[in-house]
Amino acid sequence: MTKTTFILRERAGDHRAAACFRPLAGGGLLAVLALLAACSGGGSDSTTVSGDVPVAYVKRVNTLTQNPLNAAPSAPGGDLMIRETSSPSAPEHNITAGFTQGVGDVADPEVSYDGKKLVFSMRCPASNTATIGGVPACTGRWNIWEYDFSAGLTAGTFRRITSSNQSDDVGAAYLPAGRGFVFSSNRQLTSSARQALGQSYLALDEYERETVFNLHTMDANGNAITQISFNQSHDRNPVVRPNGDIMFSRWEHVADRNRFSIFTVKPDGTNMFVLYGAHADGNSFLHPRDMNPAGKYAGFVASDLMPLDRTQEGGALMFIDAANYSDQNVPANSSVPTQGGQVQVTAQALNYGMGISQYGRVTTPYPLWDGTDRVLLSYTPCEVTKYGAVVSCSTLNAAEVARLSNSNRLNTDVAADYVQNNVPPSYAVYMFDPASQTWLLVAAPPAGFIYTDPIALQARAEPTASVPTSVDTALASQGLAAIEVRSVYDTDLFGRMSDPVLSAADLAAGCTTPIAKTAPTDPLDTRALVADILHIKDPANAAYGCAPVRFVRAVRAVAPPSNAIGTRQAIGDTNFEQSQIMGYAMVEPDGSFKLNIPADTPIAFSVLDAQGRAFQEHTNWIQARPGEHRTCDGCHSPRRGGALNSGMVVNTIPTSWMTNLATAHQAGQTMAATHASVDPTVLTLQGDPVYTDVWADTSQAGVTARPAIALRYTGNASASDDLATAVPANGVINYPDHIQPLWTRSRGSGGASTCTGCHADPNTLDLTATVAGTGRFASYESLMMGPPLLDAGGNPVLQIQDGVLVVARGPALVESMASESEVVGLARRSRLAEILFGQTVMSSAAAQAQYPNPPSTAPDHSTMLNAAEKRLLVEWIDLGGKYYNDPFNGASGVRTVSTLNLATFEATVYPIIKASCATGCHMAVGSNQTAPAGTSFVENKFVLTGNPEGDFNNTLTMISDTCNPASNYLLSKPSTIPHPAGAQNQTTAVLPAGSANYTAIANWIATGCPVP
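To start, this report covers the structure provided alongside it. (Residues numbered from 1 in each chain as written. Predicted model: local features only at pLDDT ≥ 70, side-chain atom pairs only at ≥ 80, totals over all residues. Heavy atoms only, no water.)

1. Some points on the sheet that holds strand E10 (residues 169-174)
Hydrogen bonds along the backbone pair up the strands of a sheet, which may run parallel or antiparallel.
Then step 1. Pairing is antiparallel in the open sheet, where four strands are placed in the order E10-E11-E12-E13. In this open sheet, the two strands that pair with only one neighbour each are E10 and strand E13 (226-227).
Then step 2. In this structure, E10 lies alongside strand E11 (residues 181-185), joined through four bridges in antiparallel fashion. Within the sheet, the bridge partner assigned to tyrosine 174 lies in E11 and is phenylalanine 181. (Pairing = 2+ DSSP bridges. Helix = DSSP H or I, 4+ residues; strand = E, 2+ residues; numbered from the N terminus.)

2. Notes on unusual backbone geometry
Then step 1. Although it is not a glycine, glutamine 101 adopts a positive phi angle of roughly 50°.
Then step 2. Examined against the element boundaries, glutamine 101 turns out to sit in the loop between helix H2 (97-100) and strand E4 (105-111).

3. Digging into the state of the cysteines
One covalent bond between the sulfur atoms of two cysteine residues makes up a disulfide.
Then step 1. Within the structure shown, the criterion is met by four disulfides.
Then step 2. The disulfide partner of cysteine 382 is cysteine 393, and the S-S distance across this bridge is 1.9 Å. The sign of the -60° torsion about the S-S bond sets the cysteine 382-cysteine 393 disulfide as left-handed. Note that cysteine 382 is positioned in the loop between strand E25 (375-380) and strand E26 (383-386) and cysteine 393 in the loop between strand E27 (389-392) and helix H3 (398-405), a separation of eleven residues in sequence. The pair cysteine 382 / cysteine 393 is uniform in exposure class, with both members buried.
Then step 3. Disulfide pairing is shown between cysteine 511 and cysteine 546; the S-S distance is 1.9 Å. Residues cysteine 511 and cysteine 546 are joined by a disulfide whose S-S torsion is about -95°; by sign, that bridge is left-handed. Linking cysteine 511 in the loop between strand E32 (480-487) and strand E33 (517-518) with cysteine 546 in helix H7 (residues 542-546), this pair joins segments that are 35 residues apart in sequence. You'll find cysteine 511 and cysteine 546 in the same group, each marked buried.
Then step 4. Counting its disulfide-bonded cysteines in sequence order, the protein chain shows a connectivity of 1-2, 3-4, 5-6, 7-8.
Then step 5. Distance from the sulfur of cysteine 758, which forms no disulfide, to the nearest cysteine sulfur (cysteine 755) is 8.4 Å. (Disulfide = S-S within 2.5 Å. Buried < 20%, exposed > 50% of the residue type's maximum accessible area, 1.4 Å probe, protein only.)

And the structure:
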């Protein structure tokens, strides 16, 4: 039998024009058109949800820019719609028109568990005339509203639950047992008052665009608002799971890690953990919802999977087996197949990456709990313009499809192509049945609009009310929480603290391997070998002295302040945002550590070697609520199953331990917990990495203690090991203040020698304090930017970057990139550190070839810096190599300019930037494996996504001197040739100096110059 694939419709905005279905090229069955009313010749009411129940959805304009990183996009023309039954012929009602009056917007409807109320988000101008309870209904911001339709679909009553005119509240969901709501908000109720460095302000996300949306809860009347998540970028789409936990999409954006994964947390904010998607194929899991707990897909989560940008929040429908997989192809135990975790249940695979999706895209799936396992969702077909006319993607030939699917093309080629992927979406509501592969139309929007966020207005089982987590009241009163890692050697599929991050340089004398291995004792463990903690913890065993970890470093984020200029120039040439070191602690021989940390604070941990260098970069933020005790098995160890450091292993007491600790050990305690019971001071983060072996009873034969280590800035046993330059305060390292002086400090015989005495050549290595064209020291640029690459003939190697041919660059002396799969630490990968330590560790072969070891006739570079200086250099590199880590340092150039406001930007500057910069170049790229070459954040820090407020904030980061408009990145870069740097064959500037657009932007910048 010949399989036939059908296209949904012919033209945008007309989902009923499917008569009669035209086959798509390529074959395969896509039965998305069965039983459409227009094709059956009448108004079939067969698209029911276990009976004739109403459905709700939002109507929005199709020019609205939606992307995962836009937490609350808005455009005039949105409303909340209710359809009396789930049929295209059923009456439809606009229930918010009286408030929005055609110029507002609505999003995120959610039904109560009894099926009688709707909570939703609405934004409408404060100038609207509508009132609620005798007061103006609209605040000009996103507020949470509720519609009670228990008296009838069109006879319901409204109430506004939140009423802020300063912040935005979106995505509310009902908590069980009448406990109120969880929602996402940029209020930052707690975090804004307790930012790093003792500051109070609203933080921007890690693209420096939008004020961060985090999760909050409130009671049923909108009171007792509590912030429960403390991410540095958005937490979106919260829903309540059957067990009472909250599930949501978290934007993880630390360095090159840039994706949305699915997380869970209790309503009180405790026990936050990733559920799925930290390393899965694809980039952004949005709108996750549990499938029917009593259905075929019990334990599964339905989600749409999409890229970070450019698809109007559309992608593929994924069913995720979260009960059996912690990630794609990462089974919970050995009884589960090794392959699995996520599956597209549509007969035709939809594209969840960038480019076109030939069979369309879906968004906002809503699984039904009516026993059918069907999913309400919004679907838009694939359409493009061909010679200016809108056509279906089914009309394209193979070459045209290939071009539109290629994300690594020159801008000039894209602009000249007669086929353009530029048709706005036209999402309509469908009922998808995975069993029969039928797509039944529920509601089609009028031309120029989309229908998204469909939900069935029917009762469903109320989740279990979550039991609050017990907390330590004494810790809570101090604003602290506790975290314990049972063993850093209990690691995941990437081996974050295992062989993949180690080198021959990590082998101690007499050791054949740094980490002893053994077969796992748990028969369900999926790993072939695991760390042999039983022997590593025994001072009488050779493995004790071989294990390489000595310290843990705790770092907290310094969030970008909102409405500030100059932040990007202050941060520098790195993918990392600003941060400060909170302190250090010892890692015990079994790999455990236990610490008290500030509560409600985004913190990352790195485990370190004896020189203080991180083995791996922690590319996500963790949090703990006041008084919470958090326990982790290890360094990203498998999410399910027992910890390695448990059972017999944790309860074995080697005879080689000191008597006081052996006696203090209690059943189930790690070495860290036992040590803390004897000496509670080890729970407090220390300012210096200091290690003392308290375990080895060296009075016994064959027992050798690990060497003591002290890496202090000052107060070392020898004054020659102290810093002679400025000591960082509060864990903040600024390159001009702390690193540049290392290169210019006099040292050596007679105190005359400096690093700059040899390294002052811009063509090789320039360590001078000369100010470069970026406004930063030449030494910084020389360390952070690799040299241009040349081929065998001496010609530059070219690559496409941001749609332009540029000269490719080789590795830099300082490594500043770290993604979710690149686990090696920065200092251990940086050739600069290797040369100055005299130790080759984990740098690439390309870096070693580019920067060979100094010749034997040169000074010994491993002795040029003392111990304190090496510590300082390592800290700066491991933190990402920022120029300034303190945006409030007076010399950083970061400040607020009130005259550069959103209104004037949107009216005079934004149209120019959208036309000149946004198309093809300055757009977000996630950390999935299909990103075009040269589009990581380190090359493209000016990220525009179509949200005016977010793009305004990001534009401010490109401004540093309002009194000299031409000097700012916003003008200096696009007005120069070439742009981007290294581009080939450019003859015209993107934004020529003196042009009308250039002058308009320059005049806008100049309005921020203080009047004398």
